[in-house]
Amino acid sequence: MLFPRSAHAALCGVLFLFAAAVQAQTAKLPNVTILATGGTIAGTGASSTTTVGYTAATVGVQSLIAAVPEITKVANVTGEQVFQIASENISDAQWLQLANRVNVLLAQSSVDGIVITHGTDTLEETAYFLNLVVKSKKPVVVVGSMRPSTALSADGPINLYNAVRLAGTPEAAGRGVLVAMNDQIHAARDVTKANTTTADTFRTTELGMIGYIQGGKPFFYRDVTRKHTVDTEFDLAKLDALPQVDVAYAYANVGDVAVNALVAAGAKGLVHAGVGNGSLPAKTKPALVAARAKGVIVVRASRVGQGIVARNGEANDDQLDFVVADTLSPQKARILLMLALTKTTSTKEIQRMFYTY
Ligand code: DGL
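Residues numbered from 1 in each chain as written. Predicted model: local features only at pLDDT ≥ 70, side-chain atom pairs only at ≥ 80, totals over all residues. Heavy atoms only, no water.

A. Representation of the site of the ligand. Looking at the ligand, the residues that line it are G39, T40, Y54, A86, S87, E88, G119, T120, D121, S145 and M146. Between S87 and the ligand, the recorded distance is 2.6 Å, taken from a side-chain N or O atom to an oxygen atom. At a separation of 2.9 Å, an oxygen atom of the ligand approaches a polar backbone atom of D121. Per-class residue counts for the shell around the ligand are three nonpolar, six polar and two charged. (Near = heavy atom within 4 Å. Polar contact = N/O pair within 3.5 Å; in protein donor to acceptor, adjacent residues only side chain to side chain. Nonpolar A, V, L, I, M, F, W, Y, C, P; charged D, E, K, R; others polar.)

B. Quick peek at the nonpolar core. Counting residues in each nonpolar core, the largest one holds 84 residues, and the members touching the most others are V115, F129 and F354. In contact with V115, other than residues within four places in its own chain, are V32, T33, I34, L35, V141, V143, L160, A163, V164 and A167. V259, V263, L270 and A315 belong to the second largest nonpolar core, which has 14 residues in total. (Core = buried A, V, L, I, M, F, W, Y, C linked by side-chain atoms within 4.5 Å. Buried < 20%, exposed > 50% of the residue type's maximum accessible area, 1.4 Å probe, protein only. Contact = heavy atoms within 4.5 Å.)

C. Structural detail: the environment of R226. Inspection of the secondary structure assignment puts R226 in the loop between β10 (217–220) and β11 (245–249). Every residue in contact with R226, bar those within four places of it in the chain, is listed here: R189, D326, F354, Y355, T356 and Y357. At 2.9 Å, the side chain of R226 forms a polar contact with the side chain of D326. At a separation of 3.2 Å, a polar atom in the side chain of R226 contacts the main-chain carbonyl oxygen of F354. (Helix = DSSP H or I, 4+ residues; strand = E, 2+ residues; numbered from the N terminus.)

D. Structural context of the packing of aromatic side chains. Under the counting rule described, the total for this entry stands at three aromatic pairs. Aromatic pair Y212 and Y221: ring centres 5.8 Å apart, planes at 70°, arrangement edge-to-face. By relative accessible area, which is 43% here, Y212 ends up partly exposed. Taking the relative accessible area as the measure of exposure, Y221 reaches 60% and is therefore exposed. Centre to centre, the rings of F234 and Y357 are 5.3 Å apart; their planes meet at 55°, and the pair counts as tilted. One end of the pair, F234, is in the loop between β10 and β11; the other, Y357, is in the segment after α11 (347–354), and 123 residues separate them in sequence. Classification of F234 by relative accessible area gives buried; the value is 1%. We note R175 situated over the ring of F220; from NZ or CZ to the ring centre the distance is 3.8 Å. Between K217 and the ring centre of F219, over which it is positioned, the NZ or CZ distance is 5.2 Å. (Phe/Tyr/Trp six-rings, centres within 6.5 Å; stacked < 30°, edge-to-face > 60°. Lys NZ or Arg CZ within 6 Å of the ring centre and 35° of its normal.)

E. Molecular detail of the packing of helix α10 (residues 330–340) against α11. Relative to each other, α10 and α11 sit at 135°, their axes nearing to 10 Å. Relative to α11, α10 is oriented oblique. Between α10 and α11 the crossing geometry is right-handed. On α11, the residues touching A333, L336, L337 and A340 of α10 are I350, M353 and F354. Of the residues that constitute the contact of α10 with α11, the class distribution is seven nonpolar, no polar and no charged. (Axes fitted to C-alpha atoms, helices over the stretch in contact; angles between N-to-C directions. Parallel < 35°, antiparallel > 145°, perpendicular 65-115°, else oblique. Left-handed = near helix turned anticlockwise from the far one by under 90°.)

F. Structural detail: unusual backbone geometry. Even without glycine at this site, A57 takes up a positive phi of about 60°. You can see A57 is positioned in the loop between β1 (31–38) and α2 (61–66). Positive phi, close to 70°, is recorded for D183, a residue that is not glycine. With respect to the helices and strands, the residue D183 is situated in the loop between β5 (178–181) and β6 (184–187). Assessed through its relative accessible area of 38%, D183 is described here as partly exposed.

G. Broad picture of the sheet that holds strand β9 (residues 211–214). Reading across the sheet, the eight strands line up as β2-β1-β3-β4-β5-β6-β9-β10 and stay open at both edges, with mixed pairing between neighbours. At either margin of the open sheet sits one strand with a lone partner, and together these are β2 (76–85) and β10. Sheet twist, expressed as the average angle between the axes of neighbouring strands with direction ignored, equals 25°. Of the strand pairs in this sheet, β6 and β9 are connected by two bridges, and their pairing is antiparallel. Counted as the bridge partner of I185 is G211 from β9. On top of the sheet, helix α4 (residues 92–106) reaches β1, β2, β3 (113–117) and β4 (140–143); it is set at about 165° to β2, its chief contact. Sheet strands in contact with helix α6 (residues 156–167) are β1, β2, β3, β4, β5, β6, β9 and β10, and its direction is about 155° off that of β3. (Pairing = 2+ DSSP bridges.)

So, in structure tokens, the structure goes:
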């Protein structure tokens, strides 16, 4: 029996209305691109109780998205696998590749925000690097997980969902690169991984997180004071490599072997992770002075983790022509010094940058 014309017309009408409704709903959702780089969030373990000893960076971006179908209800999501690594192995070249891709995407009016899935070991470093080189006010949210995708109560799916919600929220714009983990929103400059394995590992201990994500909705309670993203002076377009900057760690009875070796290996900048308020051990100081005399920029930071390294406090920085890291951790001071050296070797200018970003 042929399908009656009237019924056929009615069905076409219903399908048309349905398609129009879906299109209208989709048009209202933010367009979020997920850039996947690897890490535990893409990791797999031998069993559901494997939370250490798993393999990071095995699950592709489309599988990550498919594992959280709720994401498609809150955003129009596209995924790109930029690279697939355990983040302890991330390179300068991969930082430049990722940052350039972020800038290209955010320059497109069709992209409202970006989520970057990343291993947690160097997540804070990538987030801070991007905080200094992304040239858009649109939200960029870096997210990871502490349990692999195969684990009981894996934190990756909810972290990814929250990150997409945050990246799609207009209120998240203009705040610099954000880190969204464990229902918390942190600013890239001040957050650090504070525990080797627990889900609450990302903390901004003294300066504080900037908000929460509750029930999928972001809530902000403070903003950052230092310049970032569109307000920085660093321009990726002129960069195809980053200068070599290394970190020398201080501890009881330390000597000058590490400093001398790093200078001999070609370091253009040295961050000294000093004890206390950035103190210089007597057996290390001559090597740092010699490094400065060779043109290496020396930054005094602290291994302590919180607080300001005071200029001319534990050392006469004016006389030594050293720079102080302010409150930046040694690993983040290294990032700022790398970018600073793409602009200048003036310690006065570099010190200004450490008080600006
Ligand atoms: N290998 C570590 C990394 O990729 C795993 C840690 C994690 O992602 O949570 O950073």
